Amino acid sequence: MSIAENIKKYKSELPETVKLIAISKTKPNEDLMEAYNAGQRIFGENKIQEMTTKWEELPEDIEWHMVGHVQRNKVKYMAPFVSLIHAVDSLKLLKEINKRAKQNDRTINCLLQIKIAEEDSKFGITAAEAREILESEAYANMNNVKVTGLMGMATFTEDEEQVRAEFQRLKTVFEELKSDFPELEEISMGMSGDYKIAVDCGSTMVRIGSSIFGERNYN
Ligand SMILES: *Cc1c(COP(=O)(O)O)cnc(C)c1O
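All values reported here derive from a predicted model rather than from experimental measurement. (Residues numbered from 1 in each chain as written. Predicted model: local features only at pLDDT ≥ 70, side-chain atom pairs only at ≥ 80, totals over all residues. Heavy atoms only, no water.)

K.L.:
Describe the side chain of H86, and please don't skip the residues or the numbers.
P.N.:
Structurally, H86 is set in strand β4 (residues 84–88). Residue H86 is classed as buried on the basis of its relative accessible area, which comes to 0%. At 2.9 Å, the side chain of H86 and the side chain of S188 are in polar contact. Not counting the four nearest positions on each side in its chain, H86 is found in contact with I21, H65, M66, V67, L111, L112, Q113, M151, S188, M205 and R207. (Helix = DSSP H or I, 4+ residues; strand = E, 2+ residues; numbered from the N terminus. Buried < 20%, exposed > 50% of the residue type's maximum accessible area, 1.4 Å probe, protein only. Polar contact = N/O pair within 3.5 Å; in protein donor to acceptor, adjacent residues only side chain to side chain. Contact = heavy atoms within 4.5 Å.)

Okay, structure coming up:
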């Protein structure tokens, strides 16, 4: 199927409560424009330089989401335009985002990345660490950053029950935090291989790349 057909398929298949984030990393502008012309307005990237170049070249009404790990010294490049940063994993990073957002006279929405996978390689913090950030005086004093939810990545495995258990854990952590921080609204979970399970478990944002745009070529 074409990129446009894939976008239409996801839009019709996903419940209204679930936003589609089209993960366009490594893909050329023509591919993004095909998705755009099919109605897609939210794109996700994992490299700040690549996202910034695409932002400069593509239509202004695109919402850009940073889904990758963020280095603090690069926050300044995306602060003028990024709409959501999915993978915040420390108070230090949140402070830097707040500082750069303020310089741009903006408020930047962020998600805290919770480690739900068994694998060691995945980034993220524990539920207790997320709570500590939300309860901190430092965060209470940040006027240009807003934590609007949580993000997580399941283990890359064929074992669907394991993936389901990990997504359910994220949903539980979300509910527990939300009872004290009602401003939390989003759960970013689910990719091409596991989005159906994620939606079942309460995802509000799925991050789909390869099954919209095709396999990535890193050469
Ligand atoms: C690349 C990426 C995705 C999309 O992965 P697909 O398997 O291609 O759908 C989703 N989330 C993050 C954080 C990514 O880096």
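There's plenty left to go through after this.
K.L.:
Just give me the short version of the pattern of salt bridges, but keep the residues and values in it.
P.N.:
Applying the stated rule across the entire model yields 10 salt bridges. One salt bridge in this structure joins K54 and E50, with 2.7 Å as the shortest N-O distance. Residue K54 and its partner E50 are both found in helix α3 (residues 48–57); the two are separated by 4 residues, about one turn of the helix. We classify E50 as partly exposed; its relative accessible area is 23%. In the salt-bridge network here, residues are joined through shared partners; they are E45, E50 and K54. (Salt bridge = Lys/Arg side-chain N within 4 Å of Asp/Glu carboxyl O.)

K.L.:
Give a description of the site of the ligand that names residues and reports values.
P.N.:
Neighbouring the ligand are I23, K25, V67, M151, M153, M191, S192, R207, I208, G209, S210 and R216. Within the side chain of K25, a nitrogen or oxygen atom sits 2.6 Å from an oxygen atom of the ligand. R207 is positioned such that a nitrogen or oxygen atom in its side chain is 2.9 Å from a nitrogen atom of the ligand. In isolation the ligand has 390 Å² of accessible area, and contact with the protein removes 89% of it. Its residues assigned to classes, the shell around the ligand shows 6 nonpolar, 3 polar and 3 charged. (Near = heavy atom within 4 Å. Areas by Shrake-Rupley, 256 points an atom, 1.4 Å probe, with all protein chains shown as cover. Nonpolar A, V, L, I, M, F, W, Y, C, P; charged D, E, K, R; others polar.)

K.L.:
Would you mind going over the pairing of strand β5 (residues 108–113) in detail, with residue names and values included?
P.N.:
Among the 6 residues that make up β5, 5 are buried, leaving the element largely enclosed by the rest of the structure. Strand direction decides the pairing type here: β4 and β5, joined by 3 bridges, are parallel. Counterpart to V88 in the pairing with β5 is L112. The handedness of the β4 to β5 crossover, carried by helix α5 (residues 91–103), is right-handed. With 6 bridges joining them, β5 and strand β6 (residues 145–151) adopt parallel strand pairing. Looking across to β6, one finds that I108 is bridged to V145. (Pairing = 2+ DSSP bridges. Right-handed = clockwise from strand over helix to strand, strands pointing away.)

K.L.:
How would you sum up the side chain of E166? Please name residues and give values.
P.N.:
Looking at the secondary structure, you find E166 in helix α8 (residues 160–180). Buried within the structure, E166 lacks any salt-bridge partner; R169 is the closest side chain of opposite charge, at an N-O distance of 6.8 Å. Apart from the residues lying within four places of it in its own chain, the contact partners of E166 are I116, A117, E118, A154 and T155. (Lys, Arg positive; Asp, Glu negative; His and termini not counted.)

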